[in-house]
Number of protein chains: 2
Amino acid sequence: MTDRLIYLPLGGAGEIGMNAYVYGYGPAGKERLILVDMGVTFPDMDTTPGVDLIMPDLSWLAARADRLEAIFITHAHEDHVGALGHLWPMLKAPVHCRRFTAAIARLKLEERNLPTDILHVHAARPETVEAGPFRVQFVPVSHSIPESSALVIDTPAGRIVHTGDFKLDGTPVVGEAFDPQQWYDIAHERPVMAMMCDSTNIFTPHPGRSEAVLDAPLRQLIADAPGMVVATTFASNIARLKTLAEAAEASGRSVCLLGRAMKKMITAAVETGVLTDFPHAVPPEQAVEIGRENLMLIVTGSQGERRAASAQLSRGKYLGLELKEGDTFLFSSRTIPGNERGVIRIMNALSEMGVDVVDDRGGLYHVSGHANRPDLEAVHDLMRPAMLIPMHGEHRHLREHAKVAMSKGIASEVIVNGSMVDLTGTAPRIVEYVETGRTYLDGAVLIGAMDGVVRDRLRMALNGHVIATVIIDEDDLPLGDAWIEVMGLPETGRSGRSLIEVLEDEMADFLERVDRKTVGSDEKLDESIRRILRQSALDEIGRKPEVTVIISRLMAE
Amino acid sequence: MTDRLIYLPLGGAGEIGMNAYVYGYGPAGKERLILVDMGVTFPDMDTTPGVDLIMPDLSWLAARADRLEAIFITHAHEDHVGALGHLWPMLKAPVHCRRFTAAIARLKLEERNLPTDILHVHAARPETVEAGPFRVQFVPVSHSIPESSALVIDTPAGRIVHTGDFKLDGTPVVGEAFDPQQWYDIAHERPVMAMMCDSTNIFTPHPGRSEAVLDAPLRQLIADAPGMVVATTFASNIARLKTLAEAAEASGRSVCLLGRAMKKMITAAVETGVLTDFPHAVPPEQAVEIGRENLMLIVTGSQGERRAASAQLSRGKYLGLELKEGDTFLFSSRTIPGNERGVIRIMNALSEMGVDVVDDRGGLYHVSGHANRPDLEAVHDLMRPAMLIPMHGEHRHLREHAKVAMSKGIASEVIVNGSMVDLTGTAPRIVEYVETGRTYLDGAVLIGAMDGVVRDRLRMALNGHVIATVIIDEDDLPLGDAWIEVMGLPETGRSGRSLIEVLEDEMADFLERVDRKTVGSDEKLDESIRRILRQSALDEIGRKPEVTVIISRLMAE
């Protein structure tokens, strides 16, 4: 049997978020495997109410954990490392990453009381990690977090370049610039068989802009602001935090950081040497003593998260600090689609306080961390891979990216989660479809997306819940009246009578005329009651609720 | 007592949607009233799961319906006329509007079996409607629906201009252009005391563009498309439908309209003479026989609505029509903030079919129906009102608009829903705060936003629902074991045992040791059981669920 090289995305290919990509090399079905990234994505009320985190379903890989040589993490964003603490126990392979990423990964492991000696810290290429048939190098790329890396993955079948998330930034303020020469060298020391490439910004038509272009406008804004300035951005964007803090300092303002993530990221950046000259930050209890025109807060919650510092400040006093008329609140960020309502809620609450809210002003105060279409094309041209597999994108992003590659004569195909691709040829060839999906962290429990738990929650939210209780005595006869409780339903409907009374009357009628066969069977009784209550509610309030029927049978003692 | 002129927004001032503005003239507390617009806004899962429509709470006005002279509707968009059928019965005043608006308003009344002879159709200014102390004229404005109108409201205290929704379009394709001369005349025949002004687009810095600029790009796109073309936009945007249909015709395509709203709007536009030369549309059963390169569908659902034609087509065959590889789907629309997830879901589903999805391309295929900041400033300058009251906007829009007006020396203030303003002076003066809020259409029932119904649904969705049943016998002793049912919760938790079993065991323990005082009181028993189950669930699954306790007491017969 000949060896083959396979690629199998388990997350990230068909969505932006929860990245998890498997590579394998060896005889079919016996490939030695590596996993690149273990990310999460975030729940929403529309589809996942009550869920805490969404992760890829890695059960395919868990069932083959004995073949898993290693896990590589490209960078410390939640959609690349966030699932580590939750899913590592089902894989138990060594984890490789660079220093800053390891600092964040370590916290994830510690939170779950997992061993941290499974973490292996590596320097950038030329350092090489051997993992079974794979030889892997970390290639520094610019992104919106320090020490992001592409991976050069060498296999006996050929060289793969896995870009991770990246942009072409020659002046990224913190961390390493994108270095075209190094990429050129990679492609020329060994031809690139396949490039797995970030697709997030494929629809953005103009070239990306450097982090450094924000410096002047931010300094201007902060210097001109009359009162206190509050700026929010992703805590992991260390370069942005630095630009903001230095702009504050330049305008004579003390800096105060709010939000746990903010402090965690700054600490990790300082400890790992990524950040060397961040202005001194004052704690909130000291900040309250400083005149507002001499103060700038840098806070979490740019996506409108309800518990983060931005939302807290929009609701009033937080840690002794309070915004008021004449203050300025800057969103140095872009709202991720789906988060608009939360962000707008904060903006309006701040507006009610008389605070001037400033958004990114079409890019004046924010740049993206991803390569735009012309940047991606430049990288295609630089690397000339035999195959280009778009990754990290919704279906529409992957499809567009594949089209762009094919228009240049590069073999490409849309490969979504669960499609196993054999790369050992001239074009990507799907050889198997693997069952994939999503795992939810729900409170303290991991549940499957298809377990029905969340479906039931959505149904209760959309339809309300009726609970009917019936007691059946030792002789299989209804004992007393049935009881109805409702939750999430109007008190009265068309008739003007109490909904509970209307439903209890229906039940009383039913129990009077019910036959012994029905009453003798829990299943039949449940079904009949459910049907009657749903219909009766529909007549009364125009809605068929969820119904739970509780049948208590008294036993002869 | 001197007469005063008051303004009281009950909806629309503090949100985009559900417009409802009251004006009054007369002695304080005895003013004769008119209402301008009766709009709705739309529910979302985050805040209003299961709700069908959101409307302003008009109970203040309903309690004073004897003082209400008339209702005026500025135009036929849902956020201006959508609540008519639901809330008119509590007001029962004559409704005044122009012809096209009346055609849509009539449908709203008919749907609810309400009299339609309360509708009064008027021509544009100089025709004047007398309503108590008010003399009202409809002034044609350009907007994204035919026959939109501003209102000139003359009172003994002065002239008010209520802009309604508008843009400055000299070539609106269908309907009347914005006519600066007419506005100039209005301001010069009698000075404008107060202008209540649309604020939706106050943050858009460039001048608005005409509907007519879309013609060439749309023709090009549709002519160049290889397969079938599907275009979605708001059904009420008759001008857009016309541009799209004519572009289709010009490229040799038959037009087929899908979606009830689409047909309703076209019918109303043709019947009222607003639309005279719309290309012949073929029904779906005929469309399926036409070659796809000769077909264009114009469909509802541009905001991602799950039941509209766009969503249906993204899920597969709909009315015999099916999209496939090489077809083009155009969103000739902008996604309203909050609707992104639904729209993106459709885009990705279409991408999976191989359909090329085209969005508005930054304005190439869509223009807004609202005046942008420079346009609003132009109208301020044209009308020079003594006061400018920003309306139709979230708080941040109203605040920005007031700032713009004040920077020109016009008296202005942010007036939100429930603030009653006395206009009989040199500046707006808040004289009273009226209780306002939202009314939900929930199935067949109107409920208040604060009734707790929706709060309970949200709690069940976020926390799951546990139902405990206990039977207490004639001697106040627990009879048998307690029963637990759960909905929306994981089956097993930390212990690996069934959650239901764990909770039932807890209940059994509790019932063994419960004292007679607790068991004798429904309230005490309920509280104890609730506390125990919530704590026990927290330990087991890391979440405190909603708990319903059902206590059945057997009575001695």
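Everything that follows concerns the structure shown earlier in this document.
The structure contained in this document is the topic of the report that follows. The structure presented is a predicted model; accordingly, all values stated were derived computationally and were not measured.

Definitions and limits used
Residues numbered from 1 in each chain as written. Chains lettered and ligands numbered in written order. Predicted model: local features only at pLDDT ≥ 70, side-chain atom pairs only at ≥ 80, totals over all residues. Heavy atoms only, no water. Phe/Tyr/Trp six-rings, centres within 6.5 Å; stacked < 30°, edge-to-face > 60°. Helix = DSSP H or I, 4+ residues; strand = E, 2+ residues; numbered from the N terminus. Buried < 20%, exposed > 50% of the residue type's maximum accessible area, 1.4 Å probe, protein only. Contact = heavy atoms within 4.5 Å. Buried area = accessible area lost by both parts, 1.4 Å probe. Salt bridge = Lys/Arg side-chain N within 4 Å of Asp/Glu carboxyl O. Polar contact = N/O pair within 3.5 Å; in protein donor to acceptor, adjacent residues only side chain to side chain. Nonpolar A, V, L, I, M, F, W, Y, C, P; charged D, E, K, R; others polar. Pairing = 2+ DSSP bridges. Axes fitted to C-alpha atoms, helices over the stretch in contact; angles between N-to-C directions. Arc of directions from axis to C-beta. 1 Å grid on protein atoms, 1.4 Å probe; cavity = no way out; pocket = protein on both sides within 12 Å on 5 of 7 lines; lining within 4 Å. Points joined across faces, edges and corners; volume = space filled by probe spheres on them. Parallel < 35°, antiparallel > 145°, perpendicular 65-115°, else oblique. Left-handed = near helix turned anticlockwise from the far one by under 90°. Expected span 1.5 Å × (residues − 1). Least-squares fit on C-alpha atoms with pLDDT ≥ 70 in both. Domains from an automatic or database assignment. Right-handed = clockwise from strand over helix to strand, strands pointing away.

**Some thoughts on the packing of aromatic side chains**
Aromatic ring pairs are described here by two measures, namely the spacing of the ring centres and the angle between the planes.
Consideration 1: All chains considered together, the criterion is met by 14 aromatic pairs over all chains.
Consideration 2: Ring geometry for Y7 of chain A and Y23 of chain A: centres 5.4 Å apart, planes at 40°, overall tilted. With a gap of 16 residues between them, Y7 of chain A in strand 1 (residues 3-11) and Y23 of chain A in strand 3 (residues 20-27) connect regions that are remote in the sequence. Considered together, Y7 of chain A and Y23 of chain A belong to a single accessibility category, that of buried residues.
Consideration 3: Measuring from ring centre to ring centre gives 5.1 Å for F178 of chain B and W183 of chain B, while their planes differ by 35°; the resulting arrangement is tilted. Per residue, the accessibility class of F178 of chain B equals that of W183 of chain B, and both read buried.
Consideration 4: A network of ring pairs unites the aromatic residues Y7, Y21 and Y23 of chain A as a single cluster.

**What to know about the interface of chain A and chain B**
Consideration 1: With 67 residues of chain A in contact, the opposing surface of chain B contributes 67 residues.
Consideration 2: Here chain A and chain B share an interface that buries about 5800 Å² over both sides, 60% of which is from carbon and sulfur atoms.
Consideration 3: Of all residues in chain A, the largest losses of buried area upon contact with chain B belong to M45, R341 and M487 of chain A, amounting jointly to 13% of the total for that side.
Consideration 4: A salt bridge links D44 of chain A to R341 of chain B, with the shortest nitrogen-to-oxygen separation between them at 2.8 Å.
Consideration 5: At the junction of chain A and chain B, the tally comes to 33 residue pairs in polar contact (both at pLDDT 80 or more).
Consideration 6: Of all the secondary structure elements, the ones that give two or more residues to the side of chain A that touches chain B are helix 11 (340-352), helix 13 (395-407), strand 25 (445-448), helix 14 (453-463), strand 26 (465-472), strand 27 (483-487), helix 17 (522-541) and strand 28 (546-553) of chain A.
Consideration 7: Examining the composition of the side of chain A that touches chain B, we find that 8 residues originate from one element, helix 11 of chain A, more than from any other.
Consideration 8: Classifying every residue of the side of chain A that touches chain B by side-chain character gives 26 nonpolar, 18 polar and 23 charged.

**Some thoughts on the pairing of strand 11 (residues 149-155) of chain A**
All names here are of chain A.
Consideration 1: Summarising burial for strand 11: 7 of the 7 residues are buried, a large majority.
Consideration 2: Both strand 10 (residues 134-140) and strand 11 contribute to a ladder of 6 bridges, which runs antiparallel. Bridge pairing in strand 11 places R135 opposite D154.
Consideration 3: For strand 11 and strand 12 (residues 158-162), the ladder comprises 5 bridges, and the chain directions are antiparallel. Paired with V152 across the strands is V161, a residue of strand 12.
Consideration 4: Following strand 11, the chain reverses through 2 residues before pairing antiparallel with strand 12.

**Notes on the sheet that holds strand 27 (residues 483-487) of chain B**
Residues and elements named next belong to chain B.
Consideration 1: Overall, mixed pairing links the 3 strands, which are arranged 27-26-28 in an open sheet. The open sheet has two free edges, formed respectively by strand 27 and strand 28 (546-553), since each of these has just one partner strand. Mean inter-strand twist for the sheet, computed between neighbouring axes without regard to direction, equals 15°.
Consideration 2: With 5 bridges connecting them, strand 26 (residues 465-472) and strand 27 associate as antiparallel partners. By the bridge assignment for strand 27, A468 is matched with I484.
Consideration 3: This element, helix 15 (residues 499-513), spans strand 26 and strand 27 of the sheet and lies at about 145° to strand 27.

**Description of helix 5 (residues 180-189) of chain B**
All names here are of chain B.
Consideration 1: Along helix 5, the positions that sit buried rather than exposed are Q182, W183, I186 and A187. For helix 5, the angular spread of the buried residues around the axis is 135°, confining them to a single face.
Consideration 2: Buried residues in helix 5 make contact with strand 10 (134-140), strand 11 (149-155), strand 12 (158-162), strand 13 (192-198) and helix 12 (373-383).
Consideration 3: For helix 5, the capping residue at the N-terminal end is D179, with a side-chain oxygen 3.1 Å from the backbone nitrogen of Q181.

**A look at the pattern of salt bridges**
Consideration 1: Taken as a whole and judged by the stated rule, the model has 73 salt bridges over all chains.
Consideration 2: Measuring nitrogen to oxygen at the nearest pair gives 2.9 Å for the salt bridge that ties E189 of chain A to R159 of chain A. One end of the pair, E189 of chain A, is in helix 5 (residues 180-189); the other, R159 of chain A, is in strand 12, and 30 residues separate them in sequence.
Consideration 3: The exposure class of E189 of chain A is partly exposed, given its relative accessible area of 47%.
Consideration 4: The partner of E211 of chain B in a salt bridge is R240 of chain B, with the nearest N and O atoms 2.6 Å apart. With E211 of chain B in the loop between strand 13 and helix 6 (215-224) and R240 of chain B in helix 7 (residues 238-250), the pair connects residues that are 29 residues apart, well separated along the chain.
Consideration 5: Taking relative accessible area as the criterion, R240 of chain B reaches 0% and is therefore assigned buried.
Consideration 6: Because the salt bridges share partners, they merge into one network encompassing R125, D154, R159, E189 and R190 of chain A.

**Topic: the layout of surface pockets**
Consideration 1: Reported here for the second largest pocket is a volume of approximately 470 Å³.
Consideration 2: Lining of the second largest pocket is provided by 27 residues; of these, V486, M487, G488 and L489 of chain A together with D456 of chain B occupy positions nearest its centre.
Consideration 3: For the lining of the second largest pocket, the elements supplying multiple residues, two or more each, are strand 27 and helix 15 (499-513) of chain A together with strand 25 (445-448), helix 14 (453-463), helix 17 (522-541) and strand 28 of chain B.
Consideration 4: Class assignment for the residues of the lining of the second largest pocket results in 12 nonpolar, 6 polar and 9 charged.

**Regarding the packing of helix 12 (residues 373-383) of chain A against helix 13 of chain A**
Residue and element names in this part refer to chain A.
Consideration 1: At a minimum axis separation of 11 Å, helix 12 and helix 13 run at an interaxial angle of 45°. What the angle tells us is that helix 12 and helix 13 run oblique. For the element pair helix 12 and helix 13, the recorded crossing hand is right-handed. Contacts between helix 12 and helix 13 pair R373, L376, E377 and H380 from the former with E400, H401, V404 and A405 from the latter.
Consideration 2: Among the residues forming the contact of helix 12 with helix 13, the class breakdown is 3 nonpolar, 2 polar and 3 charged.

**A look at helix 13 (residues 395-407) of chain B**
One turn of the α-helix equals 3.6 residues, which is why residues spaced by three or four share an orientation.
Residues and elements named next belong to chain B.
Consideration 1: Helix length check: helix 13, at 13 residues, gives a terminal C-alpha distance of 18 Å against a target of 18 Å (1.5 Å per residue), a fit within 8%.
Consideration 2: Most of helix 13 is tucked away: 10 of the 13 residues are buried.
Consideration 3: The set of residues buried in helix 13 consists of H395, R396, H397, L398, R399, E400, H401, A402, V404 and A405.
Consideration 4: Phi turns positive, to about 85°, at G409, one or two residues after helix 13.

**Points about the relation of the copies chain A and chain B**
Consideration 1: Note on the identical chains: chain A maps onto chain B by a rotation of 180° and an axial translation of 0.0 Å, with an RMSD of 0.1 Å. The transformation relating the two chain copies, once decomposed into turn and shift, fits a two-fold axis.
Consideration 2: Taken as a fraction of all interface residues of chain A, those also at the interface in chain B reach 100%, which identifies the copy contact as same-surface.

**Here we look at empty space enclosed by the protein**
Residue and element names in this part refer to chain A.
Consideration 1: Counted under the stated rule, the structure contains 3 cavities of 30 Å³ or more.
Consideration 2: Its boundaries defined by the atoms lining it, the largest cavity holds a volume of some 150 Å³.
Consideration 3: If you trace the largest cavity, you find 21 residues lining it, with H143, S144, I145, P172 and V174 closest to the centre.
Consideration 4: Built from parts of two domains, the lining of the largest cavity gets at least three residues from each of domain 1 (3-206 + 368-448) and domain 2 (211-361).
Consideration 5: The calculated volume of the second largest cavity comes to roughly 90 Å³.

**Thoughts on the sheet that holds strand 22 (residues 419-422) of chain A**
Residues and elements named next belong to chain A.
Consideration 1: The 8 strands lie next to each other as 8-7-6-4-3-1-22-23, forming an open sheet whose pairing is mixed. The sheet is open, and its two borders are formed by strand 8 (119-121) and strand 23 (429-433), each paired with just one other strand. On average, adjacent strands in this sheet sit at an angle of 25° to one another, irrespective of strand direction.
Consideration 2: Pairing between strand 1 and strand 22: 2 bridges, direction antiparallel. Each bridged residue has a counterpart across the sheet, and for Y7 the counterpart in strand 22 is V421.
Consideration 3: Those strands touched by helix 4 (residues 99-111) are strand 7 (95-97) and strand 8, and its axis lies near 165° from that of strand 8.

**Comments concerning the pairing of strand 17 (residues 328-331) of chain B**
All names here are of chain B.
Consideration 1: Alternating positions in strand 17 separate into two faces, T328 and L330 on one and F329 and F331 on the other, with burial throughout.
Consideration 2: As paired strands, strand 14 (residues 229-232) and strand 17 are joined by 4 bridges and run parallel to one another. Within the sheet, the bridge partner assigned to A231 lies in strand 17 and is L330.
Consideration 3: What joins strand 17 to strand 18 (residues 356-358) is helix 11 (residues 340-352), and the crossover it makes is right-handed.

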